[in-house]
Amino acid sequence: MNNSPASPVAQAIRERRSIRQYKSTPVPQELLLSLMNTANWAPNHALREPWRFIQYKGAARETFTEAVLGAMSKEERQKYEIQRRKEYMTIPVHLIVVMPEDPRDKQWTEDFGAVCSWIQSFQLAAWEQGLGVVWKTNPYMFAPFFREAVGVAPGEKIVGVLHIGYPEVIPPAKPRTPAEARLTVHE
Ligand SMILES: Cc1cc2nc3c(=O)[nH]c(=O)nc-3n(C[C@H](O)[C@H](O)[C@H](O)COP(=O)(O)O)c2cc1C
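As the structure is a computational prediction, the values presented were derived from the model and not from experiment. (Residues numbered from 1 in each chain as written. Predicted model: local features only at pLDDT ≥ 70, side-chain atom pairs only at ≥ 80, totals over all residues. Heavy atoms only, no water.)

### What to know about the packing of aromatic side chains
- Tallied over the entire structure, the rule returns nine aromatic pairs.
- Measuring from centroid to centroid gives 5.8 Å for Tyr56 and Phe64, while their planes differ by 45°, and the two rings are tilted. In this pair, the class of Tyr56 matches that of Phe64, namely buried.
- Three or more aromatic residues joined by ring pairs make a cluster, and in this case those are Tyr56, Phe64, Tyr88, Tyr140 and Phe146. (Phe/Tyr/Trp six-rings, centres within 6.5 Å; stacked < 30°, edge-to-face > 60°. Buried < 20%, exposed > 50% of the residue type's maximum accessible area, 1.4 Å probe, protein only.)

Below you can see the structure in the form of structure tokens.
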């Protein structure tokens, strides 16, 4: 099996970067859906496919922006509103990734793992197509105001907010610790 760093999968894993500066160029919806359908092949136990998505694009990004701003304190809003409004109205797509909160520990763990796998699969498939993504877990995600404004129900968890678009800037890689440093081998 070709597991060299030069294989297409290995290369995508190593070269993908979280993108925080985007061009305003729209992302075709067919491309987005195709990438989502690829990510749907992520491993998920008992094939529960424990994910759903809420997408904001075009003028509806205003609704997303208001949901974020409404979750801020007065002071935070004063400090960040202009910057955030500009940022969220430039990035072409915001995708909220949601999972059901199964009360059983085993199922919750499986579902969370599956949704994280979905997100990374999506990020890699997007990268291969020249699209950038960043996976965010900002404090607003946990705020009741935001959850209600975007239609996340009690009993659901937001696993991440993905910002998606064509990269304006690709940051340099942050070095990783070699696996050997974290590996205990018994033989
Ligand atoms: C679960 C998770 C949550 C993250 N949350 C944030 C976040 O809130 N804000 C952010 O700027 N990046 C966030 N990131 C992206 C990481 O900061 C990023 O992956 C890390 O800096 C390594 O950079 P790279 O992805 O370009 O290799 C998150 C990543 C993961 C996996």
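### Overview of the UniProt feature "domain: Nitroreductase" (unreviewed entry) in the chain
- Taking the UniProt record as the reference, the feature "domain: Nitroreductase" (unreviewed entry) is found at residues 13–166.
- Helix makes up 47% of residues 13–166 and strand 20%, with an end-to-end C-alpha separation of 18 Å. (UniProt positions renumbered as here; feature names shortened; annotations may be inferred. Helix = DSSP H or I, 4+ residues; strand = E, 2+ residues; numbered from the N terminus.)

### Considering the sheet that holds strand S2 (residues 52–57)
- Spatial ordering of the open sheet is given by S2-S3-S5-S4, a layout of four strands whose pairing is antiparallel. Bordering the open sheet on either side are S2 and strand S4 (132–136), each of which pairs with just one other strand. Going from strand to strand, the sheet's axes swing by 20° on average, the running direction of each strand aside.
- As paired elements, S2 and strand S3 (residues 93–100) share six bridges and run antiparallel to each other. Residue pairing across strands places Phe53 opposite Val97, the latter belonging to S3.
- The strands touched by helix H3 (residues 61–70) within the sheet are S2, S3 and strand S5 (156–165), with S2 carrying the most contacts at an inclination of about 110°.
- The strands touched by helix H5 (residues 105–128) within the sheet are S2, S3, S4 and S5, with S5 carrying the most contacts at an inclination of about 5°. (Pairing = 2+ DSSP bridges. Axes fitted to C-alpha atoms, helices over the stretch in contact; angles between N-to-C directions. Contact = heavy atoms within 4.5 Å.)

### Description of the nonpolar core
- Ranked by size, the top nonpolar core spans 25 residues in total, and within it Trp118, Phe122, Leu162 and Ile164 carry the most contacts.
- Listed by contribution, the elements that provide at least two residues to this core are helix H2 (29–39), S3, H5 and S5.
- Broken down by element, the residue count for this core peaks at eight residues, all from H5.
- Once residues within four sequence positions are removed from consideration, Leu162 is found in contact with Val93, His94, Leu95, Val97, Trp118, Ile119, Phe122, Val133, Val134 and Trp135. (Core = buried A, V, L, I, M, F, W, Y, C linked by side-chain atoms within 4.5 Å.)

### Topic: the site of the ligand
- Looking at the ligand, the residues that line it are Arg16, Arg17, Ser18, Arg20, Trp135, Lys136, Thr137, Asn138, Lys174 and Arg176.
- Here Trp135 contributes a backbone N or O atom positioned 3.0 Å from a nitrogen atom of the ligand.
- The separation between an oxygen atom of the ligand and a polar side-chain atom of Lys174 is 2.7 Å.
- Contact with the protein chains hides 66% of the accessible area of the ligand, taken as 620 Å² for the molecule alone.
- Grouping the constituent residues of the shell around the ligand by class yields one nonpolar, three polar and six charged. (Near = heavy atom within 4 Å. Polar contact = N/O pair within 3.5 Å; in protein donor to acceptor, adjacent residues only side chain to side chain. Areas by Shrake-Rupley, 256 points an atom, 1.4 Å probe, with all protein chains shown as cover. Nonpolar A, V, L, I, M, F, W, Y, C, P; charged D, E, K, R; others polar.)

### Observations regarding the environment of Arg48
- Along the polypeptide, Arg48 turns up in the loop between H2 and S2.
- Of the residues examined, Arg48 reaches a relative accessible area of 31% and is grouped as partly exposed.
- Sequence separation between Arg48 and Glu110 is 62 residues; the distance between their C-alpha atoms is 9.5 Å.
- Those residues within four positions of Arg48 in sequence are excluded, and the remaining contacts are Gln107, Glu110 and Asp111.
- At 3.0 Å, the side chain of Arg48 forms a polar contact with the side chain of Asp111.

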